[in-house]
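Here's the letter readout for the chains.
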Amino acid sequence: MTLIRREFLQLIASAAAAPAIAFGPAAAQEVSRQVRVATGLLATWQSTAWLGAEAGVFKKHGIEMSLPAIAVGGPQAAALVIRGDCEFAHTGTLPVAEEVLKGGDIVILATPTSEFPNSFVMTRKDIRELAQLNGKKVGVLTETGQTSVAARITVEKAGATATYLPLIKFGRIYAALAAGEIDAGALPIDLRFGGEIRYGWNAFPIHEFGTPSIFASTRKLIASDRALVMNVMQGFVETIHLFKTRPDVVVPLLQRYLKIDDRKSAEELYAFHVPVFQKIPRPSFPGMSTLRGLLVPKYPAAISLKESDIADSSFIDELERNGFIDQLYAGDTK
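From a predicted model like this one, the values you see are computed outputs, not experimental measurements.

Novice: Sorry if this is basic, but what is going on with the sheet that holds strand β6 (residues 137-140) here?
Specialist: Each strand in a sheet pairs with its neighbour through backbone hydrogen bonds, running either in the same direction (parallel) or in the opposite one (antiparallel). Strand order across the open sheet formed by five strands is β7-β6-β8-β5-β9, with mixed pairing between neighbours. With one partner strand each, in any of the chains shown, β7 (163-166) and β9 (202-205) form the two edges of the open sheet. With direction set aside, neighbouring strand axes in the sheet form an average angle of 30°. In the sheet, β6 pairs with strand β8 (residues 184-188) via two bridges, with the strands oriented parallel. In the strand pairing of β8, Val138 is matched with Ala184. Helix α7 (residues 170-178) rests against β5 (119-123), β6 and β8 of the sheet, and its axis sits at about 140° to β8.

Right under this line is the structure:
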């Protein structure tokens, strides 16, 4: 089993770790490094890297960040990191765990938000119960992505057997539902309110089995350039602070990122997300046992899958221990 290979890489990463991490002005003086990030979804809870890049946060830490692959689906975002086409990915826990079980080199560094109802099965106005989706068409992003799998499980638990159509983008799902081409669709909270107001759609929470959205890289990169990864994580954590404390900066950026014309809608979306972003985004998986159960039929080795197999909390641990996070929030009045 390739878990042995991954444990070997983890040992190399540990050996390469520096005893102390510099932050503040010294980091800003380093030579700028190019970093690429892929995202699985176009959603507020996966906007951290983009917001930090646009607001100039990562530049403060010597990072020139680009996002060449936005909303490509969770499995594809993970695959881009494993292939080396991107150094980091903001995606779901499920794609990472599956790639690890397949022998891929990818590891979770942070969970920026707590688990919360971020996605919904949105149905046509006349479909008032999920059970009514029996025999109907449901739009999803991909066949195997975390949100898509969770949507299918949510519908099946309601007693319905539906046909699932992979449409890749939330925008396409929204448009297909509006046009009557599908009967329901898996959509983020970013699009829920608009669908309810404009079309009278009904919303049913998708329960993603306690496995939140995550930020990931590779053990190989950690082993070869831990300082680079730490600089990225400093920028990532600082962007979360920006999100939680600077609506004047974040709301206009969210409008541009999510293509929201109405300022009030963007402000409400922002306010909803502020409490779910975590000051200390340490990797945490309250639904680990459920995740194992979901993967075991396809990957028998998943029965023994541990959090340490898929995550490395050392970067967040270090940023908490050396005072970087406390320093960010020291001047806040709330």
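The rest of the description comes next.
Novice: It is not clear to me how the pairing of strand β1 (residues 33-39) should be interpreted in this structure. Could you clarify?
Specialist: Successive side chains on a regular strand alternate, one facing one side of the sheet and the next facing the other. Pairing geometry for β1 and strand β2 (residues 63-69), over five bridges, is parallel. Within β2, the residue paired with Ala38 across the bridge is Ala69. Direction of pairing for β1 relative to strand β3 (residues 88-92): parallel, over a ladder of three bridges. Pairing of Thr39 across the sheet is with His90, part of β3.

Novice: What should I look at first to understand the packing of helix α11 (residues 247-258) against helix α12 (residues 263-273) in this one?
Specialist: What describes two packed helices is the angle between their axes and the distance between those same axes. Across the interface, α11 lies against α12 with an axial gap of 9 Å and an inter-helix angle of 110°. Between α11 and α12, the angle is such that the two are roughly perpendicular. In this structure, α11 crosses over α12, and the sense of that crossing is right-handed. In this structure, α11 contributes Pro247, Val250, Val251, Pro252, Leu254, Gln255 and Leu258 to the contact, and α12 contributes Arg263, Ala266, Glu267, Leu269 and Tyr270. Counted by class, the contact of α11 with α12 contains nine nonpolar, one polar and two charged residues.

Novice: What is the right way to read the pattern of salt bridges from this model?
Specialist: Think of it this way: side chains of opposite charge can pair up when their charged atoms draw near. Taken as a whole and assessed by the stated rule, the structure comprises 19 salt bridges. One salt bridge in this structure joins Arg124 and Asp126, with 2.6 Å as the shortest N-O distance. Looking at Arg124, the relative accessible area reads 23%, which means it is partly exposed. Take Asp126: its relative accessible area is 39%, and that puts it in the partly exposed class. Between Arg282 and Asp317 there is a salt bridge; the shortest N-O distance is 2.6 Å. Taken together, the positions of Arg282 in the loop between α12 and α13 (288-295) and Asp317 in helix α15 (residues 314-321) put the pair 35 residues apart, joining distant regions of the chain. Looking at Arg282, the relative accessible area reads 28%, which means it is partly exposed.

Novice: For this particular structure, what's the right way to read helix α5 (residues 93-101)?
Specialist: In an α-helix, one full turn covers 3.6 residues, which means residues spaced three or four apart are oriented alike. When you tally the buried positions in α5, you get nine out of nine residues, the bulk of the element. Those residues of α5 that sit buried are Thr93, Leu94, Pro95, Val96, Ala97, Glu98, Glu99, Val100 and Leu101. Directly beyond the C-terminal end of α5, a positive phi value near 100° is found at Gly103.

Rules used in this analysis
- Residues numbered from 1 in each chain as written.
- Predicted model: local features only at pLDDT ≥ 70, side-chain atom pairs only at ≥ 80, totals over all residues.
- Heavy atoms only, no water.
- Pairing = 2+ DSSP bridges.
- Helix = DSSP H or I, 4+ residues; strand = E, 2+ residues; numbered from the N terminus.
- Axes fitted to C-alpha atoms, helices over the stretch in contact; angles between N-to-C directions.
- Contact = heavy atoms within 4.5 Å.
- Parallel < 35°, antiparallel > 145°, perpendicular 65-115°, else oblique.
- Left-handed = near helix turned anticlockwise from the far one by under 90°.
- Nonpolar A, V, L, I, M, F, W, Y, C, P; charged D, E, K, R; others polar.
- Salt bridge = Lys/Arg side-chain N within 4 Å of Asp/Glu carboxyl O.
- Buried < 20%, exposed > 50% of the residue type's maximum accessible area, 1.4 Å probe, protein only.

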